[in-house]
Amino acid sequence: MTDLNIFTKQKTADVSAALYGIFFEDINRSGDGGLYAEMLANRAFDDGVIPEGCVYSADSMTITSPTGWVCGFDCYEGEGIFGWKADGAKISLTDKGTLNSVRKRALEVCFNGGRLKNSGFEGLAVTEGESYRFYMFAKSVNAADIKICLVSDSGDELSDYCSLRVQGGYTRYECILRADRTDYNASLELSSDSGDTVTLGFTSLFPTDTFCGRENGLRKDIANKLISLSPAFLRFPGGCIVEGFTRETAYRFEDSIGPVWERRPHRLLWGYNSTNGLGFHEFLQLCEDAGIDAMYVFNCGMTCQARCPDYFDEPLVEEFFQDARHAILYATAPSDTEWGAKRAQNGHPEPFGCLKYLEIGNENYGGEYIKRYKLFYDRLKAEFPQFVYIATDHVERSGLHVDLVDDHYYADPLFFAANHDIYDDHSGQAIYVGEYASTIGCKQGTLMGALGEAAFLTGVERNQDRVKMTSYAPLLNDPMFTEWQPDLITFDNHRCYGIPSYHMLRMFAQSRGDYVCGHTLETGSSQRCDKGQTVLYYCGEKVILDSKTSQGTGAAYSYTFDKPADSLHLTFCDNGLTNEDQNRYELTAEGGLCRVVHYNGWSKHTVSQGKCDECLNAESFILYVDDKGYELCINGSPAHSGSFKPLPDIYAVCTADTNKNELIIKLVNITDREIDVKIGCDRELAATMHVDTLTGESPDSVNSFEEPLRVAPCEKIIEVYDNTLSICPYSVNIFRAKLMA
Ligand code: AHR
């Protein structure tokens, strides 16, 4: 039995209205061909161009940046033209006479009775009755009649066709194609009898029915899926893509506005090109259409610190500073100013009122960051005091001012559960958990992943006076182009579904209340089992220790030394449930100090440390590990010990909704047992409650295109007897009860 006592008259925090947001980054091809409704792949023909300063290796299909970072490059133009296929026609790329100065390539086509095809991102999805806008910038010395049509894999026409006569210098040609059949593996086909060379400078195919009907807009189903999460804000455009891996690949706002064919492409460090069609303006437009706030993340003068960083010199830092400043002016300045006028020209005369948050850099840290943070913050804050400024490192510890610090966590579900209290003792600096996800052991997005995150979020909600905002990451994944898993929403060219975490987040974001109530929780704690391998590095040698004796639920490992050690390094795994490499404890004894550090995904936490003079002169060594902790005995005597964080059976947070006169109780059970939770409350609760439950057949249950709602919430009205709620195994539950007296 678990006891939960709730004190509605004890307000411990106000609910933070901005707690649940979304974070979009173009990863897993979630921009062009994903949220951004463009259907053609490589519409500007420059996907295969090697970024400036990088060297291509055909053997490994990689490029190496000037600072030595190696990343995948699988569409090199020397080996084919990504996205485009010729059938009877002759095609070649040219860097001469391109459409404009930002377009590095154009496509020369000699049709001569043949065809040119583009099947988008693994097939175009064409739906009967829907219309598609095609346009191209093309030139031809002599008149060439080009037939445009949507076709099936076997060449059958799926739409009406149009005929465009190309003649003279670059001109925009456009037509609407209406599909009379549905086919999810279609292609766009251009054909002509002309034997002359026609040069294509830029192409595009869009459904006319986009989110809010915007011409350069978003795929309706995906945009609606995002909005259905009831987010308070959108963080964009990244992520690591903001940092880039070379000077050229660092994100610049100025490349992302204006006519799409005049936008410089962006080589993303996730291994492909974005045409920047989903740019600063479109992100703000999405926020405005969805009625949510915008958070703009900008480069602060360095490339990604995890990828052989390049720290820009002062003039280049200044360029990036001005780029950030111009973005802000573009969003907010009146239309009779330079940047406001550009916005007006792009169809939005009024300032975008939705821009509220500015994040200086992404995952940047250390001295180089602090210098740049200060430079950006001081000047921007002086000119634009109205924004909320976010840092990516704890700059407040260096005496700098910041409104929010962005913490990121990628770890296994049990890390999240065990660290539900991570912000309990946190004081001072307000936090934005800008990226987090259960990644280890649940790449497909399992129920267990969602349970760990939900347990963590109960702690975040309890502390929402300090943790003001959160956003899960990443957001979208096309499984044909996965770079990173899990992602909140999986999509293909015509469908999308949410992983269990999506449903959990939707439940949390839609059940807020207005203040957090005090509570006490008495609950059991789960067993951790030590099943993993324990490895000792002794004087540089690796020894795999076998469990010799059993001690309760744990094990004892012993080792006899044959010479004094100069260093001792021991790795033992947490629970054997997940990848040991990603979830391990490391004990290091050196210089009279013994320290145990827990590594879980990206998190590193010192469990214990202390003096241990004998460590290195030991003759015998025994390590006892059980579900609660470990003890190291040197020469027969206890020398060092530490505890593992317990995993409570039940995690809880309670908020009150004053308007509805309701109590909202969120309860998460990560065990395989049904647990009764006895509720005590300082006010009488209605015996009839509304409950949403998210659970599944097993902790490994996932959703899929075939079964998109296999793990989805179910809603019930229940009668509560004896003030006891039965919480089923592996479940997230949100109860709503009327407050009676
Ligand atoms: O969310 C995926 C990546 O994780 C983001 O690009 C980055 O900020 C973090 O490293």
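What counts, and where the lines are drawn
Residues numbered from 1 in each chain as written. Predicted model: local features only at pLDDT ≥ 70, side-chain atom pairs only at ≥ 80, totals over all residues. Heavy atoms only, no water. Helix = DSSP H or I, 4+ residues; strand = E, 2+ residues; numbered from the N terminus. Rg over C-alpha atoms; globule rule 2.2 N^0.38 Å. Buried < 20%, exposed > 50% of the residue type's maximum accessible area, 1.4 Å probe, protein only. Contact = heavy atoms within 4.5 Å. Areas by Shrake-Rupley, 256 points an atom, 1.4 Å probe, with all protein chains shown as cover. Lys, Arg positive; Asp, Glu negative; His and termini not counted. Charge placed at Lys NZ, Arg CZ, Asp CG, Glu CD. Core = buried A, V, L, I, M, F, W, Y, C linked by side-chain atoms within 4.5 Å. Pairing = 2+ DSSP bridges. Salt bridge = Lys/Arg side-chain N within 4 Å of Asp/Glu carboxyl O. Domains from an automatic or database assignment. Buried area = accessible area lost by both parts, 1.4 Å probe. Polar contact = N/O pair within 3.5 Å; in protein donor to acceptor, adjacent residues only side chain to side chain. Expected span 1.5 Å × (residues − 1). Axes fitted to C-alpha atoms, helices over the stretch in contact; angles between N-to-C directions. Parallel < 35°, antiparallel > 145°, perpendicular 65-115°, else oblique. Left-handed = near helix turned anticlockwise from the far one by under 90°. Near = heavy atom within 4 Å. Nonpolar A, V, L, I, M, F, W, Y, C, P; charged D, E, K, R; others polar. Disulfide = S-S within 2.5 Å. Phe/Tyr/Trp six-rings, centres within 6.5 Å; stacked < 30°, edge-to-face > 60°. Lys NZ or Arg CZ within 6 Å of the ring centre and 35° of its normal.

## Side note on the overall build of the chain
- When its secondary structure is counted, the chain shows 9 helices and 47 strands.
- Relative to its length of 741 residues, the chain is compact, with a C-alpha radius of gyration of 29 Å against a globular reference of 27 Å.
- Dimensions of the chain, computed from the C-alpha atoms along their principal axes, are close to 90 × 70 × 55 Å.
- Going through the 741 residues of the chain one by one, you find that 59% of them count as buried.
- Look at the contacts in the chain between residues 6 or more apart in sequence, and 72% of them connect residues 24 or more apart.
- Split by element, the accessible area of the chain, about 28400 Å² in all, is 46% carbon and sulfur.
- Within the chain, the 107 negative side-chain charges are centred at a point lying 3 Å from the centre of the 67 positive side-chain charges.

## Comments concerning the nonpolar core
- Ranked by size, the top nonpolar core spans 136 residues in total, and within it Leu 35, Phe 280, Tyr 296 and Phe 376 carry the most contacts.
- Top element by residues in this core is helix H4 (residues 314-332). It accounts for 10 residues.
- If we skip the residues at most four places from it in the chain, Tyr 296 touches Phe 236, Pro 237, Tyr 251, Phe 253, Phe 280, Asp 323, Ala 327, Leu 355, Tyr 357, Leu 358 and Glu 359.
- Core analysis: the second largest hydrophobic core is formed by 34 residues, Met 39, Ile 146, Leu 158 and Leu 200 among them.

## Some words on the pairing of strand E15 (residues 233-236)
- Of the two faces of E15, the one lined by Phe 233 and Arg 235 and the one lined by Leu 234 and Phe 236 are each fully buried.
- In this sheet, E15 lies alongside strand E2 (residues 20-23) in parallel orientation, the contact comprising 2 bridges. Bridged to Phe 23 within E15 is Arg 235.
- Summarising the sheet, E15 and strand E18 (residues 293-298) pair through 4 bridges and their orientation is parallel.

## Focus: the pattern of salt bridges
- Counted under the stated rule, the structure contains 41 salt bridges.
- A salt bridge links Glu 174 to Arg 172; the shortest N-O distance between them is 2.6 Å.
- Residue Arg 172 is classed as partly exposed on the basis of its relative accessible area, which comes to 29%.
- Of the charged contacts in the structure, one is a salt bridge between Arg 710 and Glu 697, with a shortest N-O distance of 2.5 Å. With a gap of 13 residues between them, Arg 710 in the loop between strand E44 (685-694) and strand E45 (714-719) and Glu 697 in the loop between E44 and E45 connect regions that are remote in the sequence.

## What about the domain arrangement of the chain?
- In terms of domain boundaries, the chain breaks down into domain 1 (19-29 + 212-402), domain 2 (52-78), domain 3 (82-209) and domain 4 (564-644).
- On a C-alpha basis, the centroid separation for the pair domain 1 and domain 2 is 26 Å.
- Counting residues at the interface gives 10 residues for domain 1, matched by 13 residues for domain 2.
- Interface of domain 1 and domain 2: buried area, both sides summed, is about 910 Å²; carbon and sulfur atoms make up 63% of it.
- The three residues of domain 1 that bury the most area against domain 2 are Phe 245, Arg 267 and Cys 308, which together make up 49% of that side's buried surface.
- Scanning the region where domain 1 abuts domain 2 turns up 0 salt bridges.
- Across the domain 1-domain 2 interface, the total number found is 2 residue pairs in polar contact (both at pLDDT 80 or more).

## Thoughts on H4
- Taking 1.5 Å of rise per residue, the 19 residues of H4 would be expected to cover 27 Å, and the 27 Å separating its terminal C-alpha atoms lies within 8% of that figure.
- Those residues of H4 that fall on the buried side of the exposure criterion are Leu 316, Val 317, Phe 320, Phe 321, Asp 323, Ala 324, His 326, Ala 327, Ile 328, Leu 329, Tyr 330 and Ala 331.
- In this structure, the buried side of H4 is in contact with helix H3 (280-290), E18, helix H5 (338-345), strand E19 (355-360) and helix H6 (366-383).

## Some remarks on the sheet that holds strand E25 (residues 489-491)
- With mixed pairing, 3 strands are arranged side by side in an open sheet as E24-E25-E26. Only two strands of the sheet have a single neighbouring strand rather than two, namely strand E24 (476-477) and strand E26 (496-498).
- The pairing of E25 with E26 spans 3 bridges and is antiparallel. Among the inter-strand pairings, Thr 490 is bridged to a residue of E26, identified as Tyr 497.
- Sitting on the sheet, helix H1 (residues 220-227) is in contact with E24, E25 and E26, with an inclination near 15 degrees to E26.

## A closer look at the packing of H4 against H5
- With their axes 7 Å apart at the nearest point, H4 and H5 run at an angle of 60 degrees to one another. The angle between the axes of H4 and H5 places the two elements in the oblique class. Two packed elements cross with a definite hand, and for H4 against H5 that hand is right-handed. Contacts between H4 and H5 involve His 326, Leu 329, Tyr 330, Ala 331 and Thr 332 on the former and, on the latter, Trp 339, Gly 340, Lys 342 and Arg 343.

## As for the site of the ligand
- Near the ligand the following residues occur: Glu 25, Gly 239, Cys 240, Trp 270, Asn 362, Glu 363, Tyr 410, Glu 435, Ala 473, Pro 474, Trp 484 and Trp 602.
- Glu 363 is positioned such that a nitrogen or oxygen atom in its side chain is 2.6 Å from an oxygen atom of the ligand.
- Burial of the ligand by the protein amounts to 98% of the accessible area it has alone, namely 280 Å².
- Grouping the amino acids of the shell around the ligand by side-chain chemistry returns 7 nonpolar, 2 polar and 3 charged.

## Thoughts on the state of the cysteines
- Applying the stated rule across the entire model yields 1 disulfide.
- Here Cys 162 is linked by a disulfide to Cys 175, with a sulfur-sulfur distance of 2.3 Å.
- Since its relative accessible area comes to 13%, Cys 162 is described here as buried.
- Given a relative accessible area of 8%, Cys 175 falls into the buried group.

## Examining the sheet that holds E44
- Here we have 9 strands laid out as an open sheet, ordered E45-E44-E47-E42-E41-E27-E1-E43-E46, and mixed in their pairing. A single partner strand is all that each edge strand has here, and the edge strands are E45 and strand E46 (724-727). Across this sheet, the average inter-strand angle for adjacent strands is 25 degrees, counted without regard to direction.
- Sheet analysis places strand E42 (residues 662-669) next to strand E47 (residues 731-739), joined by 8 bridges and oriented antiparallel. Bridge assignment links Asn 669 to a residue of E47, and that residue is Ser 731.
- In the packing of helix H9 (residues 500-509) onto the sheet, the strands contacted are E42, E44 and E47, and the crossing angle to E44 comes to about 150 degrees.

## Focus on the side chain of Asn 42
- Assignment of secondary structure puts Asn 42 in the loop between E2 and strand E3 (55-57).
- In this structure the side chain of Asn 42 is engaged in a polar contact, spanning 3.1 Å, whose partner is the backbone nitrogen of Phe 45.
- Those residues in contact with Asn 42 that lie beyond four places of it in its chain are Asp 47, Ile 81, Phe 82 and Trp 84.

## As for the packing of aromatic side chains
- A full pass over the atoms with the stated rule returns 41 aromatic pairs.
- Arranged with centres 6.4 Å apart and planes meeting at 25 degrees, the rings of Tyr 135 and Phe 202 form a pair that is stacked. Remark: Phe 202 occurs in strand E14 (residues 197-207) and Tyr 135 occurs in strand E11 (residues 131-151); sequence separation between them is 67 residues.
- Seen in terms of ring centroids, Trp 270 and Trp 484 are 5.9 Å apart; in terms of plane orientation they differ by 85 degrees. Their pairing is edge-to-face. Residue Trp 270 is located in the loop between strand E16 (266-268) and strand E17 (272-274), and its partner Trp 484 is located in the loop between E24 and E25; the two are separated by 214 residues in the primary sequence. Grouping residues by exposure puts Trp 270 and Trp 484 together as buried.
- Site record: aromatic cluster; members linked through ring pairs are Phe 24, Phe 236, Phe 253, Phe 280, Phe 283, Tyr 296, Phe 298, Phe 321, Tyr 330, Trp 339 and Phe 376.
- Over the aromatic face of Tyr 135 sits the side chain of Arg 172, whose NZ or CZ is 3.7 Å from the ring centroid.
- Positioned over the ring face of Phe 508 is Lys 666, at 5.2 Å from the centre of the ring.

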